Amino acid sequence: MSLQIGIVGLPNVGKSTLFKALTKVQVDASNYPFCTIDPNVGVVAVPDERLDKLAKMSKSEKVIPTTIEFVDIAGLVKGASEGEGLGNKFLANIREVDAIAQVIRDFEDSDVTHVHGELNPKNDMEVINLELIMADLKIIDGRLERVERDIKGHKKEAVEEKEVLVKLKTALENGQLARTVELDPEKEEPIIKSLSLLTRKPMFYIINVSEEDIDKEVGVEGIKISAKIESELAELPEEEAVEMMKELGMKESGLDKLIKASYKLLNLISFLTTGEDETRAWTIKEGSLAPQAAGVIHTDFEKGFIRAEVINWEKLLAAGSWSGARDKGELRMEGKEYVMQDGDVVEFHHS
């Protein structure tokens, strides 16, 4: 499965600078609002030390990591949901993403103006959340108009849909995000799935700090990243970037932090396949059964699933080869009820 993260924030918070550093895609990062008219899209490989080690063992011709796609839209301002700064157009570009990352500014810079004239991270969060709420309210109001017509036409399912929509509308009007509303996953959730509500999506915060504050506590909760440091690291060869991170006391890059947060937020794990042709990582939901994992590779694998040969990646490396692991009795034969684990190396058997 391909993971897609939408990046939002006010203008001049370092959003596009961070996007460029994470994805190494050239974007316009000018010091004024709405410089990003069309969404910037960048696909990055998910760093995974397991892949290279398994590929070396298997003498694989190719190494294929799983990927994350970042979608960076123009900076939002107060009134974006009403079309201020073409806000509605921008928000439409992230309605299909899996999760939303809000970039919040927590650095002082006299050369980079703050759209509200003062540094206030908590206020910035409130502004963005309110704009997302207002955008969702517009979607729900539009759907309610149609539902009312369907009710007059005596469509039974329209009454049930109205109940769900009113429940969400009430929460949004009270300043609550749609994801705070508990819905029945089987009956109510499918009714609103096509709406792609922004505030129903999982969300996390990226706190953009100055170089000096990278090791300090910040006043708001989130993933602390310095876009300035990340942009400098992105310009360096890998060895020099690693050396710079050591000098700064950084254990991991901003990209690593962001990927870990995304996987945790969305309850994702990776399993692996390895052989002479390729070593590859595959992303699945935590709790997925073996047949579902097989279906990520090919739908026919899920339909014709028979069993799976499974081993933890470290045990496979210790055995030295797939056949070596089989000889040592390290391989397990798992059936349709097996719950996949992060780091499983698998060979699926199917009809």
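Up top you'll find the structure we're talking about.
Everything numeric here is computed off the predicted structure, so don't read it as measured data.

Student: How should I be thinking about the pattern of salt bridges in this particular structure?
Tutor: It is possible for side chains of opposite charge to pair when their charged atoms get near one another. For the coordinates displayed, the defined rule picks out 18 salt bridges. The shortest N-O distance in the salt bridge between Glu148 and Lys162 comes to 2.9 Å. With Glu148 in helix α4 (residues 121–152) and Lys162 in helix α5 (residues 156–173), this residue pair connects regions lying 14 residues apart in the sequence. Judged by its relative accessible area of 31%, Glu148 is partly exposed. Glu173 is paired through a salt bridge with Lys169; the nearest N and O atoms lie 3.1 Å apart. In this pair, Glu173 and Lys169 are both assigned in helix α5, four residues apart and thus about one turn of the helix distant.

Student: Whenever I open this one, the packing of helix α7 (residues 227–234) against helix α8 (residues 238–248) confuses me. Can you help?
Tutor: In a packed pair of helices, the relevant descriptors are the angle between the two axes and the axis-to-axis distance. Axis separation between α7 and α8 bottoms out at 9 Å; the angle between their running directions is 150°. Here α7 lies roughly antiparallel to α8, going by the angle between them. Crossing angle aside, the handedness with which α7 passes α8 is right-handed. Residues Ile229, Glu232 and Leu233 of α7 touch α8, and the partners they reach there are Ala241, Met244, Met245 and Leu248.

Student: Just to check I follow, could you spell out helix α9 (residues 254–265) for this structure?
Tutor: Since the α-helix advances by 3.6 residues per turn, residues separated by three or four positions end up pointing in the same direction. In this model α9 runs 16 Å from its N-terminal to its C-terminal C-alpha over 12 residues, within 8% of the 16 Å that 1.5 Å per residue would give. Those residues of α9 not exposed but buried are Gly254, Leu255, Leu258, Ile259, Ser262 and Tyr263. Summarising the axial view, the buried residues of α9 lie within an arc of 160°, below the 170-degree limit, and thus occupy one face. Seen from the open side of α9, the exposed residues pointing more than 90 degrees away from its buried face are Lys260 and Lys264. Note on α9: the residue one or two positions beyond its end, Asn267, has a positive phi of about 55°.

Student: How should I be thinking about the side chain of Ser226 in this particular structure?
Tutor: With respect to the helices, strands and loops of the structure, Ser226 is situated in the loop between β7 (223–225) and α7. We classify Ser226 as buried; its relative accessible area is 1%. A polar contact of 3.4 Å, which involves the side chain of Ser226, links it to the backbone oxygen of Val209. If we skip the residues at most four places from it in the chain, Ser226 touches Asn208, Val209, Ser210, Glu211 and Ile214.

Student: Got a minute to help me understand the sheet that holds strand β6 (residues 203–209) in this structure?
Tutor: Sheets are built from strands that pair by backbone hydrogen bonding, the pairs being arranged parallel or antiparallel. In spatial order, the strands read β2-β4-β1-β5-β6-β7; together these six strands make up an open sheet with mixed pairing. Edge strands, defined here as strands with exactly one partner in the open sheet, are β2 (40–45) and β7. Taken over all neighbouring pairs, the strand axes of this sheet differ in orientation by 25° on average, direction set aside. Pairing analysis gives five bridges linking strand β1 (residues 3–8) to strand β4 (residues 67–72), with the strands arranged parallel. Its bridge partner being in β4, Gln4 is matched across the sheet by Glu69. Sheet strands in contact with α9 are β1, β2, β4, β5 (99–106), β6 and β7, and its direction is about 165° off that of β7.

Student: Would you mind showing me how to read the nonpolar core here?
Tutor: Note on soluble globular proteins: their nonpolar side chains tend to be buried together. The biggest cluster of nonpolar side chains holds 55 residues, and the ones touching the most others in it are Ile5, Ile68, Phe70, Ile73, Leu91, Ile94 and Ile206. Residue contributions to this core peak at six residues, all from β6. Ignoring sequence-local partners within four residues, the contact set of Phe70 consists of Ile5, Ile7, Phe19, Thr23, Asn40, Val41, Gly42, Val44, Leu255 and Leu258.

Student: Looking at this structure, how should I read unusual backbone geometry?
Tutor: Note on backbone geometry: most residues besides glycine have negative phi, and most peptide bonds are trans. One non-glycine residue, Asn12, lies in the positive phi region at around 65°. Structurally, Asn12 can be placed in the loop between β1 and α1 (15–23).

Student: How should I be thinking about the pairing of strand β10 (residues 305–312) in this particular structure?
Tutor: Where β10 and strand β12 (residues 344–350) come together, seven bridges link them in antiparallel fashion. Paired with Ala308 across the two strands is Phe348, which belongs to β12. Pairing geometry for β10 and strand β11 (residues 332–334), over three bridges, is antiparallel. Across the sheet, residue Glu309 finds its bridge partner in β11, namely Met333.

Rules used in this analysis
Residues numbered from 1 in each chain as written. Predicted model: local features only at pLDDT ≥ 70, side-chain atom pairs only at ≥ 80, totals over all residues. Heavy atoms only, no water. Salt bridge = Lys/Arg side-chain N within 4 Å of Asp/Glu carboxyl O. Helix = DSSP H or I, 4+ residues; strand = E, 2+ residues; numbered from the N terminus. Buried < 20%, exposed > 50% of the residue type's maximum accessible area, 1.4 Å probe, protein only. Axes fitted to C-alpha atoms, helices over the stretch in contact; angles between N-to-C directions. Parallel < 35°, antiparallel > 145°, perpendicular 65-115°, else oblique. Left-handed = near helix turned anticlockwise from the far one by under 90°. Contact = heavy atoms within 4.5 Å. Expected span 1.5 Å × (residues − 1). Arc of directions from axis to C-beta. Polar contact = N/O pair within 3.5 Å; in protein donor to acceptor, adjacent residues only side chain to side chain. Pairing = 2+ DSSP bridges. Core = buried A, V, L, I, M, F, W, Y, C linked by side-chain atoms within 4.5 Å.

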